[in-house]
Amino acid sequence: QVQLVESGGGLVQPGGSLRLSCAVSGGIFRLNTMGWYRQGPGNERELVASITAGGGEKYADAVEDRFTISRHNGKKTAWLQMDSLKPEDTAVYYCYAGVVETWAGGESKYWGQGTQVTVSS
């Protein structure tokens, strides 16, 4: 069974940094795009960053030049390096992965459990 395990959230002061990780476990045939969404208090869930299996990256305008997404296909893990954090980055961050479980199957989207990021002095 495919599972995504997130880690790395916490409390940080404005201007600080955090690094989130998202590890995929279970038998899979192919791991496609991975990324993170976030949902702040009173806000809708929004896409923060994504990375394709080939390393193509996309970022939300609000985090461009501050966040960096990366992945290691062999380890089935992605990371989100968050620098110059602002109070408005406070949210629960959810990683996701597009997974093909068998050679004949289609893609399914799996989610991590979510991790709280709080930026406050």
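Residues numbered from 1 in each chain as written. Predicted model: local features only at pLDDT ≥ 70, side-chain atom pairs only at ≥ 80, totals over all residues. Heavy atoms only, no water.

Along the backbone of the chain there are 0 helices and 11 strands. If you list the helices and strands of the chain from N to C, you get β-β-β-β-β-β-β-β-β-β-β. With the principal axes as the frame, the chain shows a C-alpha extent of 50 × 25 × 25 Å. Evaluated residue by residue, the chain yields a buried proportion of 41% over its 121 residues. Here the contacts in the chain between residues at least 6 apart in sequence split such that 56% fall between residues at least 24 apart. On the chain, roughly 6,300 Å² of surface is accessible, and the fraction owed to carbon and sulfur atoms is 47%. One way to put it: in the chain the 11 positive side-chain charges average out to a point 7 Å from where the 12 negative ones average out. (Helix = DSSP H or I, 4+ residues; strand = E, 2+ residues; numbered from the N terminus. Buried < 20%, exposed > 50% of the residue type's maximum accessible area, 1.4 Å probe, protein only. Contact = heavy atoms within 4.5 Å. Areas by Shrake-Rupley, 256 points an atom, 1.4 Å probe, with all protein chains shown as cover. Lys, Arg positive; Asp, Glu negative; His and termini not counted. Charge placed at Lys NZ, Arg CZ, Asp CG, Glu CD.)

Our next topic: the state of the cysteines. Considering all chains together, one arrives at 1 disulfide under this definition. Here C22 pairs with C95 through a disulfide, and the sulfurs are 2.2 Å apart. With the S-S bond torsion at 60°, the cross-link from C22 to C95 turns out right-handed. Taken together, the residues span a long stretch of sequence, with C22 in strand β3 (residues 18-25) and C95 in strand β9 (residues 91-100) at a distance of 73 residues. We note that C22, like C95, is buried. (Disulfide = S-S within 2.5 Å.)

Time to look at the nonpolar core. Formed by 28 residues in total, the largest nonpolar core has its most connected members in M34, W36, V48, F67, L80, M82 and Y93. When contributions to this core are tallied by element, the ones reaching two or more residues are β3, β4 (30-39), β5 (46-51), β7 (67-72), β8 (77-82), β9 and β11 (115-119). It is β9 that provides the largest number of residues to this core, a total of 5 residues. Not counting the four nearest positions on each side in its chain, V48 is found in contact with W36, Y37, R38, K58, Y59, A60, V63, F67, L80 and Y93. (Core = buried A, V, L, I, M, F, W, Y, C linked by side-chain atoms within 4.5 Å.)

Now for the pairing of β4. Counted residue by residue, β4 has 7 buried out of 10 residues, so it is predominantly covered. Relative to β9, β4 runs antiparallel, the two being bridged by 8 bridges. Residue pairing in the sheet places W36 in a bridge with C95 of β9. Pairing geometry for β4 and β5, over 5 bridges, is antiparallel. Paired with M34 across the bridge in β5 is I51. Taking the residues that link successive antiparallel strands as the turn, the β4-β5 hairpin has 6 residues, and the phi of G42 there is positive, at about 75°. (Pairing = 2+ DSSP bridges.)

It is worth spelling out the sheet that holds β8 at this point. Reading across the sheet, the 4 strands line up as β1-β3-β8-β7 and stay open at both edges, with antiparallel pairing between neighbours. The open sheet has two edge strands, β1 (3-7) and β7, and neither has a second partner. The mean inter-strand angle of the sheet, taken between neighbouring strand axes irrespective of direction, is 15°. Relative to β8, β3 is paired through 6 bridges, and the arrangement is antiparallel. From the neighbouring strand, S21 faces β8, where its bridge partner is W79. (Axes fitted to C-alpha atoms, helices over the stretch in contact; angles between N-to-C directions.)

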